[in-house]
Amino acid sequence: MQKTAIIVLLCAATPLAAETTTYRVLFAGDDTGHLVVDRAENRVAIDFDFKQNGRGPTIAEELTLDERGYPVDWTITGMTTFGSTVDEYFRVEDDVARWQDATGSDDTSIDGALPFYIDQNGSVYSRALLARALLADADQRLEVLPGGEATIRERSTSSFDGPDGEFVVTAYEISGLSYNPDLIMLDQDGEFFATASPRYSIVRAGYESADAELRKIAETLSTERFVEIQSKVAHRHEAPVRIRNVRVFDPAALTLTQPKDVVVYGDRIAGVQPANSPVPEGDVVIDGAGGTLVPGMYEMHGHLGQGNALLNVAAGVTSVRDMGNENAVLEDLRNRIDDGTIAGPRITRSCFIEGKSEFSAATGETVATLDEALAMVRWCGSRDFYQVKLYNSMQPEWAETIVEEAHRLGLRVAGHVPAFSTANAMIEAGFDEITHANQLMLGWVLEDDEDTRTLFRFTAMKRFPALDVDGEDVQYTINRMAEREVAHDPTIAIHEYGMTAVRGETAPFARQIIDHLPTNEQRSAREEFLGTSSPEERAEYVAAFEFILGILSELNEAGILLLPGTDLGGSFAYHRELELFEQVGMTPAEVLRRASYDMAVYLGQVEDLGSIEKGKFADFFLVPGDPTESLDELRRIQMVVADGVIYFPEEIYPWFGVRPFAAAPGVTPAF
């Protein structure tokens, strides 16, 4: 703690050093860009740019700081990861703070000390400035603009040696702004050294060799946080747990049963019994109060991490098919979930294989030759992967050989359509599933030389409305998918968000929940995702999204299996995904069956999951009303049972800055 006191004094009394410092952006160890910070007295200029998987932000910042190190004039310009224009500012004039971000503009009178402004689309360096300000505060807690408060706590200390000597680096977590804390690492002088997550790091140039250790620190600190949360919110009972007076959603009948008692013992369902059956001595009793139990749902397009694992459980998502991750990181995460160290869904893993190019995704395994691709398929075939997922830079002429080898080893094949190819070609090559609606449909509008490894795979969707749904090209693809029983993972919610979200308006996935979210999550839900230059261009995207919904309705009508997945982290976005499944022609009951039983069948897990029956794993959740009448009930989950462990979202959400949606049911301990 003595070192922290030294940093506090430095933060309070010492201006930022006048110098230029460069940081490198590393994804899975690959250098993908830079952060350059140019400091001179009370002025800071920032150049932030990285590109991963063909996309990434380009940001320029100019800041003026007051004597406390607080921003008083701040401009942020550039482009977001998905091409939205950034034109953000904050300034203080005549005791009035004014700001503009991606949600609009606002102002407030300053009565007393100026609060610290939290940017929306700046670089991570602003969090280092915030960390200095928090450390200089007596209780290390600050009111911030545009709302809320931030706190900081010290987590760990490490040393890193390099060309500029040894740095003693302290890791801090800043909480209160988003679902999860921001990790900021400062050196012994209180200067920014690095930030990291299990997948990436931004680290001072010359110290790139610290990347693996920084990412490990991030993973360890995150695990410690979630271990602490788990100790508070996970309810394990050695005795049987009897959930009384509930109706059970029956996916076979697409109806609710008469009132029942459902008994859980260990990680299995011990019985589904008549309501109000006699309670044996020693049972824990939970009052379902006439609510509905629904089998745990499957997020079929996840990229799971510790940060969203528990939020998915709270949303009733007890199983996730991970569609692309670092294999070692995901395996470690799954092991921690399986042994009960932290909470999270059951994980079904995809083996993510990418071709080598300047646009290659950093996540997954990159291969340069067909032999390397086949070797990777065989490596995955010796482990517990469900399928191979192929990506944008894969050579399309390799697809048939890779598919044959994957099928020989019992692996399914899904993925993006490789650049300069079409969904039709991948269907003929033997793909079992096409991923993303745009990937399925772009082949109908692209010219032969157009490259989908860049943001063009999004912007080209504006061409969709010119197509005829009943046209020969469209109908050929639909018919071929039906003939070959090719499934489709459309990720509707992310397309809706990208194509219809308007600056300053709440995005569709958040309209029912935005008032429950922490400040920065609310701001994110009010910004556009895919950038546009005019209302007319936005209208083109909106029309393209309506076309996508029309095609998905055709696919559903043709009997093609549509898989519910978000590519947005699941959780709240997953509830929106299911509402969109209703829009393409399913009843609420059919959507619930698709999200639970049908996905258990698809993944070969139906003997243990997908319905609430004696002997199956205890994975289900409780809502107070009837979700077969309205899927909005999914936002009022009162209790989740995951692998026999009981969670009450009312207890979980405050850890993430979220105001709960429903009260927990009454619990009577064993007697």
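Above this note sits the structure.
A short tour of the structure in this document, coming up. (Residues numbered from 1 in each chain as written. Predicted model: local features only at pLDDT ≥ 70, side-chain atom pairs only at ≥ 80, totals over all residues. Heavy atoms only, no water.)

**With respect to the environment of threonine 369**
Working step 1: As for its position among the elements, threonine 369 is in the loop between β25 (365-367) and α6 (370-381).
Working step 2: Note on threonine 369: relative accessible area 35%, which makes it partly exposed.
Working step 3: Sequence separation between threonine 369 and tryptophan 398 is 29 residues; the distance between their C-alpha atoms is 8.9 Å.
Working step 4: At a separation of 3.1 Å, a polar atom in the side chain of threonine 369 contacts the main-chain amide nitrogen of glutamate 372. (Helix = DSSP H or I, 4+ residues; strand = E, 2+ residues; numbered from the N terminus. Buried < 20%, exposed > 50% of the residue type's maximum accessible area, 1.4 Å probe, protein only. Polar contact = N/O pair within 3.5 Å; in protein donor to acceptor, adjacent residues only side chain to side chain.)

**With respect to the side chain of aspartate 626**
Working step 1: As for its placement among the helices and strands, aspartate 626 is situated in the loop between β30 (620-623) and β31 (639-642).
Working step 2: Arginine 247 is the oppositely charged side chain nearest to the buried, salt-bridge-free aspartate 626, at an N-O distance of 4.6 Å.
Working step 3: Only 2.5 Å separates the side chain of aspartate 626 from the side chain of threonine 628, close enough to count as a polar contact.
Working step 4: Non-local contacts of aspartate 626, meaning those with residues more than four positions away in its chain, are made with Arg247, Leu256, Thr292 and Glu633. (Lys, Arg positive; Asp, Glu negative; His and termini not counted. Salt bridge = Lys/Arg side-chain N within 4 Å of Asp/Glu carboxyl O. Contact = heavy atoms within 4.5 Å.)

**Focus: the pairing of strand β13 (residues 182-186)**
Working step 1: Burial within β13 is extensive, with four of its five residues counted as buried.
Working step 2: Bridge count for strand β12 (residues 165-175) against β13 is five bridges, and the pairing is antiparallel. Note that in β13 the partner of alanine 171 across the bridge is methionine 185.
Working step 3: Between β12 and the antiparallel strand that follows it, β13, lie six residues; glycine 176 among them carries a positive phi value of about 110°.
Working step 4: Note that β13 and strand β14 (residues 192-196) share two bridges and pair antiparallel. Paired with methionine 185 across the two strands is alanine 194, which belongs to β14.
Working step 5: Turn length for the β13-β14 hairpin, with the two strands adjacent in sequence and antiparallel, is five residues, and the turn residue glycine 190 shows positive phi of about 80°. (Pairing = 2+ DSSP bridges.)

**Looking at the state of the cysteines**
Working step 1: A full pass over the atoms with the stated rule returns one disulfide.
Working step 2: Residue pairing for cysteine 351: its cysteine sulfur links by disulfide to cysteine 380, the two sulfurs lying 1.7 Å apart. Here cysteine 351, found in strand β24 (residues 346-355), pairs with cysteine 380, found in helix α6; they are 29 residues apart in sequence, far enough to count as distant. Residue cysteine 351 shares its accessibility class with cysteine 380, and that shared class is buried. (Disulfide = S-S within 2.5 Å.)

**Some thoughts on unusual backbone geometry**
Working step 1: Residue leucine 145 is joined to proline 146 through a cis peptide bond whose omega torsion reads 10°.
Working step 2: Positioned with a positive phi, alanine 28 is a non-glycine residue whose angle comes to about 50°.
Working step 3: Inspection of the secondary structure puts alanine 28 in the loop between β1 (19-27) and β2 (30-40).
Working step 4: In this structure alanine 28 comes out as partly exposed when scored by relative accessible area, which is 25%.
Working step 5: Even without glycine at this site, histidine 436 takes up a positive phi of about 80°.

Purely geometric numbers; function is a separate question.
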